[in-house]
Structures are given as structure tokens and as C-alpha cells.
Amino acid sequence: MTTGYQLSWLSNVRRDRCVRTLLTIALVAVTGVLPALAADRIAPSKPGNFRVTAKTPYSVSLAWNSSSDNSGYFYYVIRSSAHPSEAYILSKSDKSFTFSRFIFPLNSYTFTIQAKDAAGNTSAAATVTTKTPADSNPVPAAPVLSSGEVTPTSVSLAWVPGQGDGAGLTYELYINSSLFWNLGTSRSITVNALLPSTTYSFNVRARDAANRTSPLSNTLTVTTPPVSTDQTPPSAPSNLAIVANPNDCEEVQLTWTQSTDNESTPAQIRYDVFVNGDYFESQFGTGGPAVVYGIGGFNNVFEVIAVDANGNESEPGRLEAMLCQ
């Protein structure tokens, strides 16, 4: 006969067994999950057969065999000793790349590629070293330099390549035989902060991608004029007239008779155009036409002010006209 005490004890045993069973099941479940949660520590394989496929004096083309990784995802990081801090990121499907920055003739360069997965594991590096060939093209020819407007404190310069279209050339400006500025590919500059009544000599030199320099251009000698004491404004523009556009009655061509000045040449006089009191545009050394726009159905005011090279402004030339009548 089983007593109440024995029944209670048996119940406890069964309950303990149940708990142990549940704990065992939970442990098995957790153990099965743990490998999936473990960090990936397997690096991709090293890119194979890293090789040079072509080269010019200014570029090197490379190719390699694909890496592999247990995660299925990775990318490539490729570098050149020509600029070690510059790295290119390529997709896993890429199998070639061409370097063209900082590559010059007759230089040896080492190239490095590695595969890297999403967990940050990096493969061993594949490297290849090669030397670029010589550039058989001649050095650049000397540019041809000319000057434009000259003021007491500035001079405008422009130049053209000595031969061809000048593609790939950069330029250096020399003032009084000293390097003043590296100009990049620009072919014009206005040099400011000059002294009045002073003579300057200017030259330009071209430089190609191989870092070879041309002879200096022709020497351009310029004497800046003295600071003017002129306070006499130009005459006012006169004979303002408009011609309407038959397809747009608010668009008109505005013309005027050019001003005269005691010092400035006609080409140096600037004309500021205003419509209904608002500035519209400026033109140099011309009587128009200026294509401007008024307001249809209203009386519009057109004005032109002449400004000489010393900044003196004329009285405005003025015309009132109704548009879209």
C-alpha cells in the first residue's frame, strides 16, 4: 500500500525527471544554434595569378584569378606603390583593373591586391612589380603668349600650345623670370596686385604628363600705366531704340549710340543695361543689341549707363516704351 508520503515523493521524482528532460532539449537546441552565431574567422583565399596584362608609359593594366570565401561574399582592395595611400575597392566579379594615376615612364611600380570579406577577414596579398616603358613622343613645344587688357594694377594674359591641341598639358606662369603660379590646364589668367608705372616680363612653360617641360614661351613685356586722376565720366549713351520680337512682345532688342571718353578707348567702356530700374546685363565697347525683357501692357523704362576704365559713370541714356499694346 502506497502512503501519501510515498505518492508525494514519486510525484517529485517524476517532476524532476521532466525538468531535466526539458533542460536537455533546450541545451541541444542552443548547442545547435551556437555554431551559426559564432564569428566568421576564415579569410578569403589569395587572388591567384596576379599579373600585368598591358602597360604604356602612363598606365599599367592588371588581371587576376578569382578568390573564394566560405561566406560567399567578398571584395577586392587594390593598391599601387605610385600612390600607396590610394586604394580602389572592386567587386568580387572584377578580374582586371588599369592604373593611370601617378604612373610615369621608366618607373618601377609594385601593385598589391587582397580579398576581404564582410567580417573583415583579409586574404594574403598578391603582388606584382613592373617597369613602365619610355615615352617616345617629343617634349612639348613652347606656348605662344599674348596680352589683353592692361590696367595700373593688372594685366590679362592668354596663350595657345606650341603644337597640336595641347591635350594633357599643364602650364606654369613666370613673372620676371621667376615661377609665379602653376595654372593647371588653364590657358588664360588675369594677374592682379601689380604696381602702377612698372615694367613686367611674362613667360609661360608647358608641362606634359611625363613631367617634361617645354622651352619658355615668347617673352611678353608689359608696362602698367600710372594711376589715373581722371574723374570725367563718359558721355551718356544716346539714341536708345528697341525692336520688338514678333513672337514675344515682351522681348526686345535694345540698341544705343556709343559714348565717348577723355581717356578710355571705345573698347574699354562698359555699358550697364537696366530695365525698370533692375540691372540686366553689361556689354563692353558696343552699342548693343542687348536682348532684354519688359512687362507687357505697361510703360517700361530702359536705361544704359556708360562706365569708363577708371570707374566713372555717365548719366543714363533713357527710353520709355509701352510693350504689348
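See above for the structure.
Attention in this report is confined to the structure presented alongside it. (Residues numbered from 1 in each chain as written. Predicted model: local features only at pLDDT ≥ 70, side-chain atom pairs only at ≥ 80, totals over all residues. Heavy atoms only, no water.)

1. As for the packing of aromatic side chains
Where we set the bar: Centre distance within 6.5 Å is the pairing criterion for rings of Phe, Tyr and Trp, where only the six-membered ring of Trp is used; planes under 30 degrees apart are then read as stacked, over 60 as edge-to-face, and the remainder as tilted. Numbering of helices and strands starts at the N terminus; helices are DSSP runs of H or I of at least 4 residues and strands are runs of E of at least 2. With a 1.4 Å probe rolled over the protein chains alone, any residue whose accessible area is under 20% of its type maximum counts as buried; one over 50% counts as exposed, and the rest are partly exposed.
If you walk through the whole model with that rule in mind, you get 13 aromatic pairs. When the ring of F99 is compared with that of F111, the centres are 5.1 Å apart and the planes differ by 40°; the resulting orientation is tilted. In this pair, F99 sits in strand β5 (residues 96-99) while F111 sits in strand β6 (residues 108-117), placing the two residues 12 residues apart along the sequence. Of the two residues examined, F99 and F111, each falls in the buried class. Taken together, the aromatic side chains of F50, W64, F74 and Y76 make up a single cluster linked through ring pairs.

2. A closer look at the pattern of salt bridges
Rules: What makes a salt bridge here is a side-chain nitrogen of Lys or Arg within 4 Å of a carboxyl oxygen of Asp or Glu, nothing more.
This structure, assessed with the given rule, holds six salt bridges. A salt bridge links D208 to R212; its shortest N-O distance comes to 2.9 Å. When salt bridges that share partners are traced, they join E303, R318 and E320 into one network.

3. Some details on the nonpolar core
What counts here: In this text, buried Ala, Val, Leu, Ile, Met, Phe, Trp, Tyr and Cys residues form a nonpolar core when linked through side-chain atoms within 4.5 Å. Two residues qualify as a contact provided that any one of their heavy atoms is within 4.5 Å of a heavy atom in the partner residue.
Formed by 18 residues in total, the largest nonpolar core has its most connected members in L157, W159, L173, V191 and F202. Elements with a contribution of two residues or more to this core: β9 (154-160), β10 (170-175), β12 (188-191), β13 (199-207) and β14 (220-223). At four residues, the largest contribution of residues to this core is made by β13. Not counting residues within four places of it along the chain, the set of residues in contact with V191 comprises T153, S154, V155, L157, L173, I175, F180 and F202. Core analysis: the second largest hydrophobic core is formed by 17 residues, W64, I78, I103 and A126 among them.

4. Structural notes on the environment of F97
Mapping F97 onto the fold places it in strand β5. In this structure, the C-alpha to C-alpha distance between F97 and I78, residues 19 residues apart in sequence, is 8.7 Å. Apart from the residues lying within four places of it in its own chain, the contact partners of F97 are V60, S61, L62, W64, I78, Y88 and L90.

5. Here's the deal with the state of the cysteines
Inclusion rule: Pairs of cysteine sulfur atoms within 2.5 Å are what we label disulfides.
With the rule as written, the count across this model stands at one disulfide. Shown here is the disulfide that connects C249 with C324, its sulfur atoms set 1.7 Å apart. On the S-S bond that ties C249 to C324, the torsion sits near 85°, and the link is right-handed. With C249 in strand β16 (residues 248-257) and C324 in the segment after β21 (317-322), this residue pair connects regions lying 75 residues apart in the sequence. With relative accessibility at 36%, the residue C249 sits in the partly exposed group.

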